[in-house]
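Topology and contacts: notes
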Amino acid sequence: MEPVTLTTDRLLLRTVGPQDADTVYRICQDPDIQRWTTIPSPYLPEHARGFTEQIAPDGWANGTMFTFGVFLPAGELTGMLGITMRSFATGEIGFWSAKEHRGNGYITEATVAACRWAFTRMSIDRMEWRAEVGNTASRAVAERAGFTIEGVLRSSLVNKGVLRDGWVGSLLPSDLGLPSTTPYVPARA
């Protein structure tokens, strides 16, 4: 699949390429990004080059992962967002934000836009979000974007070679006022 570009009122979401490697490397030196995400630690220049030159483009090409850089209109990278296909109609979203841009709602705005695109263009019927228990910043973004927090999965995440408990949440097309390709009937209370 060819990469797409999405826009919101404040942001441009586009795939990253070799021209973004230095910026990705610089931002990923943040200890919080290294602590809470699955990027290598220490994060080296070759990791950024591999991500921007191979991992991101290959994901788009084979339809397994759709990576968006979250940019301000002037071109500054504020964060990263990716949707990884987990099954036929289920994607998993992950994201990080540059330290200097946290608290502005950019990643929440980008998350909603990317999920809307996935629901309407990729026929995804369930978007999952997972984060290590304790990653309150990620959980806040997920909740503001409309995800329903479903609970804790024990030993569900591997981060830096360690099994960790993870929060899991979901977003359905109906949560954004969109139709689904598959009808959904909630369980009775």
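Note: the structure precedes this text.
Sequence order as written defines residue numbering, which begins from 1 separately in each chain. Residue-level local features of this predicted model are given only where pLDDT is at least 70; pairs of side-chain atoms are given and counted only at 80 or more, and the full residue set underlies all totals for whole chains, interfaces and linings. The basis for the side-chain values is all heavy atoms of the structure; hydrogens and waters are excluded.

Before going further, it helps to spend a moment on helix α4 (residues 106–121). Segments assigned H or I by DSSP are reported as helices when at least four residues long, segments assigned E as strands when at least two residues long, and all are numbered from the N terminus. Multiplying 1.5 Å by the helix residue count minus one yields the expected span of that helix. When the terminal C-alpha atoms of α4 are compared, their 22 Å separation across 16 residues agrees well with the 22 Å that a helix rising 1.5 Å per residue should span. The buried count for α4 comes to twelve of 16 residues, which makes it a mostly enclosed element. In this scheme, a residue with accessible area under 20% of its type's maximum is buried, one over 50% is exposed, and one in between is partly exposed, where area comes from a 1.4 Å probe on protein chains only. Turning to α4, its buried residues are Tyr106, Ile107, Thr108, Glu109, Ala110, Thr111, Ala113, Ala114, Cys115, Trp117, Ala118 and Phe119.

Quick look at the side chain of Gln34 now. Tracing the chain through its elements places Gln34 in helix α2 (residues 31–36). You can call Gln34 buried: its relative accessible area is 12%. Polar contacts, as used here, are pairs of N or O atoms within 3.5 Å; protein pairs need one atom able to donate a hydrogen and one able to accept it. Residues neighboring in sequence count only if both atoms are side-chain atoms. A distance of 2.6 Å separates the side chain of Gln34 from the side chain of Ser41, its partner in a polar contact. Gln34 has contacts with Cys28, Gln29, Ile39, Pro40, Ser41, Pro42, Tyr43 and Lys160, leaving out every residue within four places of it along the chain. Residue contacts are counted whenever heavy atoms from the two residues lie within 4.5 Å of one another.

The step from Ser41 to Pro42 runs through a cis peptide bond, and the omega angle for that step is 5 degrees. Note that Pro42 resides in the loop between α2 and α3 (45–62). Even without glycine at this site, Ser123 takes up a positive phi of about 55 degrees. Position of Ser123 relative to the elements: it lies in the loop between α4 and β6 (126–132).

To qualify as a nonpolar core, a set must consist of buried Ala, Val, Leu, Ile, Met, Phe, Trp, Tyr and Cys residues joined through side-chain atoms within 4.5 Å. With 32 residues, the main nonpolar core has Phe68, Leu81, Ile83, Ile93, Met127 and Phe147 as its most contacted residues. It is α4 that provides the largest number of residues to this core, a total of eight residues. Not counting the four nearest positions on each side in its chain, Leu81 is found in contact with Phe66, Thr67, Phe68, Val70, Ile93, Gly94, Phe95, Ala110, Thr111 and Ala114.

Take the pattern of salt bridges next. Salt bridge, as used here: a side-chain nitrogen of Lys or Arg that lies within 4 Å of a carboxyl oxygen of Asp or Glu. Tallied over the full model, the rule gives 13 salt bridges. Across the pair Arg102 and Asp30 runs a salt bridge whose closest N-O atoms are separated by 2.3 Å. Of the two residues, Arg102 is situated in the loop between β5 (90–97) and α4 and Asp30 in the loop between α1 (21–27) and α2; the sequence distance between them amounts to 72 residues. Since its relative accessible area comes to 33%, Arg102 is described here as partly exposed. Residue Asp30 is classed as buried on the basis of its relative accessible area of 9%. Across the pair Glu128 and Arg126 runs a salt bridge, and its minimum N-O distance is 2.8 Å. Connected through shared salt-bridge partners, Arg86, Glu92, Arg126, Glu128, Arg130 and Glu150 make up one network.

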